[in-house]
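These are the residues of each chain, in order.
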Amino acid sequence: MFSNLRNSIRLTTRSANLGNILSRMSSTATQAALDASKLVIHKTENPKQKLPNEKLVFGRSFTDHMLEVPWHKTSGWGTPVIKPYGNITLDPSAIVFHYAFELFEGMKAYKDAKGHIRIFRPDKNMTRMNKSASRICLPTFDSEELIKLIGELLKLDKSFIPDQRGYSLYIRPTMIGTTTGLGVHAPEDALLYVVCSPVGPYYSTGFKAVRLEATDYAVRAWPGGVGDKKLGANYAPSVKPQLEAASRGYQQNLWLFGPDKHVTEVGTMNFFVAFQDKNGKKELVTAPLDGMILEGVTRDSILNLCKEKLDKSEWTISERYCSIKEIQEKAQKGEVLEAFGSGTAAVVSPVKEIGYDGQHIKIPLLPGEEAGALTKQIAQWIAERQYGIVESDWSRVID
Ligand SMILES: *Cc1c(COP(=O)(O)O)cnc(C)c1O
C-alpha cells in the first residue's frame, strides 16, 4: 500500500514535470509576434539604373529591395528579411491563387526640403491592413512593428525617393495566403511583403478633370460585403465596367447603389461633391462609412481639414448619402459647385461631367482650369502636410 502511495506520488510528480515540459513547449510554440528587431538585411549586388523623374510611370518600376515576413499558424511571425527585389516562388496549389486570400495597402513616402523621408499617416494604413487581414483569416500584426520595418526599407532605398514636389515613393504592403492544397479553409501559412515604386504626379500637367459614367448595372460593394476592405478580390470585377465606360468616352465609373441610386465611390477613390443652395449655404458631401465604403485615409484627412479650416457659417460637412437624382436636379438648378474623387495615388481627382441615363450632368470647374476652387485648396492643404511644408502629426519623419 505504501509502495502504491509512493508510486502514485512519483507518478504525480512525473506528470507535473511532464505538464511543465508541455506548457514550456507550448509557450515556445505560442505564435511569435511581428518583431522588427529581428530584421535581417541582404543588400543587392546589382543596384538598378534609376529612371529620370519624367520617365516614371505609376507602379511600373520598383526599388532595389523588398521586405518579406513569413507567418505560420503554430510559430507565428518569422524573421523579417529585406532582400533584393525579385520573384516569389509558390506552389501552383497555393491558396492565394484559387480563393483570393490577398489584401494590400497603398501609402506614400515623400522627401522633404531638407532631404528627410516622411510618410503620411501610416498608422491609418496599418489599422486598415489589419482589418482586411482579419476579415479573410490572414494573420494580424503590431502596426508599429511593420511601420518600423517599412522605415528600414525606405532608408535602404532612400535614393529612389524623388525629391521633386509632386513626386513620391508609392509603398505597396501586401499579404497573401501561401498554404498549398485545394481545400477552402483558413490559411496556415502567409507571406507579408512590401514593394516600393517611385511615382510622379498623377497628372503630369497639373490637374486633369475626368468624365464619369454613373454605373448601376454593376455593383462595386453591398451591405454585409467587403467593400470597406482592401482585398484584391474587390478589384478584378471592377475592370470590365471600367472598360465599358471607357468605350463610351468616360474615364471612370461612378458606382451607384440601391433603389435610390446612392452615389458610393468613383473608380477606386472616395467621392466628394460640393453644393450651394439659393441662400448661399454650402455643403460638402461624401458617403458615410457604412461597410460598403472604403475608409480612405485621404477621405478622412479631407474631412478633418475641411472641418478645421472652412468657415462654419458658410459650410456644412456631411457624411451622408446623396442620390444621382439629387446631383442631377441640383446641377440643373446651378447648385453643384464641384466634385472630385480622393485617394492616395492622385490625392484629388476633379470631375467635369457625369453621364447618367443618357444625360450629361455638367460639373463646374474654375474658368479655364481643370479643377474647382475647393478641390485645388484641398490638394494644397494635403500636399503641404505630406511634404512637411506645414508640420503636423500626420507626417512622420523616418530618416
Ligand atoms: C484605396 C481606395 C480608396 C482610397 O483610400 P486612400 O487611403 O485615400 O488611398 C478609396 N476607395 C477604394 C475602393 C480604394 O480601394
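Every chain's residues receive numbers from 1 upward, in the order its sequence appears when written. Given that this is a predicted model, residues contribute local features only at a pLDDT of at least 70 and side-chain atom pairs are listed and counted only at 80 or more, while totals for whole chains, interfaces and linings are drawn from all residues. The side-chain numbers reported here are obtained from all heavy atoms of the structure, hydrogens and water having been left aside.

A closer look at the layout of surface pockets
Of the two site types, the cavity is a set of points on a 1 Å grid over the protein atoms alone where a 1.4 Å probe fits but cannot get out, and the pocket is an open set with protein on both sides within 12 Å along at least five of seven lines, each lined by residues with an atom within 4 Å of a point. Grid points are joined across faces, edges and corners, and a volume is the space filled by probe spheres set on the points. By volume, the largest pocket amounts to about 880 Å³. Lining the largest pocket are 44 residues, with Phe58, Tyr202, Thr268, Met269 and Ala345 positioned closest to its centre. Looking at the lining of the largest pocket residue by residue, the classes come out as 20 nonpolar, 18 polar and six charged. Three or more residues apiece are contributed to the lining of the largest pocket by two domains, here domain 1 (32–199) and domain 2 (210–389). The computed volume of the second largest pocket comes to approximately 500 Å³. Contributing to the lining of the second largest pocket are 21 residues, with Gly166, Pro201, Ala346, Ala379 and Ala383 lying nearest its centre. Contributions of two or more residues to the lining of the second largest pocket are made by strand 6 (107–111), strand 17 (347–356) and helix 8 (373–386). Per-element tally for the lining of the second largest pocket: the top contributor is helix 8, with five residues. Class assignment for the residues of the lining of the second largest pocket results in twelve nonpolar, six polar and three charged. Two domains each donate at least three residues to the lining of the second largest pocket, and these are domain 1 (32–199) and domain 2 (210–389). In this classification, Asp, Glu, Lys and Arg are treated as charged, Ala, Val, Leu, Ile, Met, Phe, Trp, Tyr, Cys and Pro as nonpolar, and every other residue, Gly included, as polar. Segmentation into domains, and thus their bounds, comes from an automatic or database assignment. Secondary structure elements follow DSSP: runs of H or I no shorter than four residues count as helices, runs of E no shorter than two count as strands, and numbering proceeds from the N terminus.

A word on empty space enclosed by the protein
Under the definition given, this model contains four cavities of 30 Å³ or more. Its boundaries defined by the atoms lining it, the largest cavity holds a volume of some 90 Å³. Surrounding the largest cavity, Met107, Lys108, Tyr110, Phe120, Asn125, Val297, Thr298, Thr344 and Gln386 form its lining. For the lining of the largest cavity, the secondary structure elements donating two or more residues are strand 6 and helix 6 (297–309). Looking at the lining of the largest cavity, the element that brings in the most residues is strand 6, giving three residues. Its residues assigned to classes, the lining of the largest cavity comprises four nonpolar, four polar and one charged. Both domains that meet at the lining of the largest cavity, namely domain 1 (32–199) and domain 2 (210–389), each give it at least three residues. Its boundaries defined by the atoms lining it, the second largest cavity holds a volume of some 50 Å³.

What to know about the domain arrangement of the protein chain
On domain assignment, one finds that the protein chain holds domain 1 (32–199) and domain 2 (210–389). Tallying the contact residues gives 28 residues for domain 1 and 24 residues for domain 2. We define buried area as the total accessible area lost by two parts upon association, computed with a 1.4 Å probe and summed across both. With both chains or domains summed, domain 1 and domain 2 bury close to 2,200 Å², and 60% of this area falls on carbon and sulfur atoms. By salt bridge we mean one thing: a side-chain nitrogen of Lys or Arg within 4 Å of a carboxyl oxygen of Asp or Glu. Counting every contact that joins domain 1 to domain 2 gives three salt bridges. A salt bridge links Lys131 to Glu295; its shortest N-O distance comes to 3.0 Å. By the criterion applied in these results, polar contacts are pairs of N or O atoms within 3.5 Å in which, for protein atoms, one can donate a hydrogen and the other can accept it, and in which residues neighboring in sequence qualify only through two side-chain atoms. Counting across the interface, domain 1 meets domain 2 through twelve residue pairs in polar contact (both at pLDDT 80 or more). Ranked by residues supplied to the side of domain 1 that touches domain 2, first place goes to helix 3 (residues 122–135) with six residues. Note on contacts: a residue pair is in contact if any heavy atoms of the two residues lie within 4.5 Å.

Some remarks on the site of the ligand
Around the ligand, the surrounding shell holds 15 residues, and the nearest of these are Lys230, Tyr235, Glu265, Thr298 and Thr344. Contacts to the ligand include Tyr235, whose side-chain N or O atom sits 2.5 Å from an oxygen atom. For the ligand, the protein covers 96% of the area, taking 390 Å² as the surface of the free molecule. The pocket occupied by the ligand, as judged from atoms lying within 2 Å of grid points, is the largest pocket. For the shell around the ligand, the secondary structure elements donating two or more residues are strand 13 (269–276), helix 6 and strand 16 (336–343). A per-class count over the shell around the ligand returns four nonpolar, seven polar and four charged. The near set for a molecule or strand comprises every residue that places at least one heavy atom within 4 Å of it. Note that accessible areas follow from Shrake-Rupley with a 1.4 Å probe, and for residues the cover is restricted to the protein chains shown. Whether a molecule sits in a cavity or pocket is decided by its atoms, more than half of which must lie within 2 Å of the grid points.

Focus on helix 4 (residues 143–156)
Along its 14 residues, helix 4 runs 20 Å from first to last C-alpha, staying within 8% of the 20 Å computed at 1.5 Å per residue. Turning to helix 4, its buried residues number three or more, namely Ser143, Glu145, Leu146, Ile147, Leu149, Ile150, Gly151, Leu153 and Leu154. For helix 4, the N-terminal capping position is held by Asp142, with its side-chain oxygen 3.0 Å away from the main-chain nitrogen of Glu144. Here, expected helix span is obtained from the residue count minus one, scaled by 1.5 Å. Three exposure classes are used, based on accessible area relative to the maximum for each residue type with a 1.4 Å probe and protein chains only: buried under 20%, partly exposed in between, and exposed over 50%.

Examining the packing of helix 6 against helix 8
Angular values range over 0 to 180 degrees, each being the angle between N-to-C directions of two axes fitted as lines to C-alpha atoms, with helices fitted over their stretch in contact. Where helix 6 meets helix 8, the closest approach of the two axes is 10 Å, and the angle between their N-to-C directions is 110°. By the angle between their directions, the pair helix 6 and helix 8 is classed as roughly perpendicular. Residues Thr298, Ser301, Ile302, Leu305, Cys306 and Lys309 of helix 6 touch helix 8, and the partners they reach there are Ile378, Trp381, Ile382 and Arg385. For the contact of helix 6 with helix 8, the per-class residue count stands at six nonpolar, two polar and two charged. In these notes the angle categories are as follows: under 35 degrees is roughly parallel, over 145 is roughly antiparallel, 65 to 115 is roughly perpendicular, and the rest is oblique.

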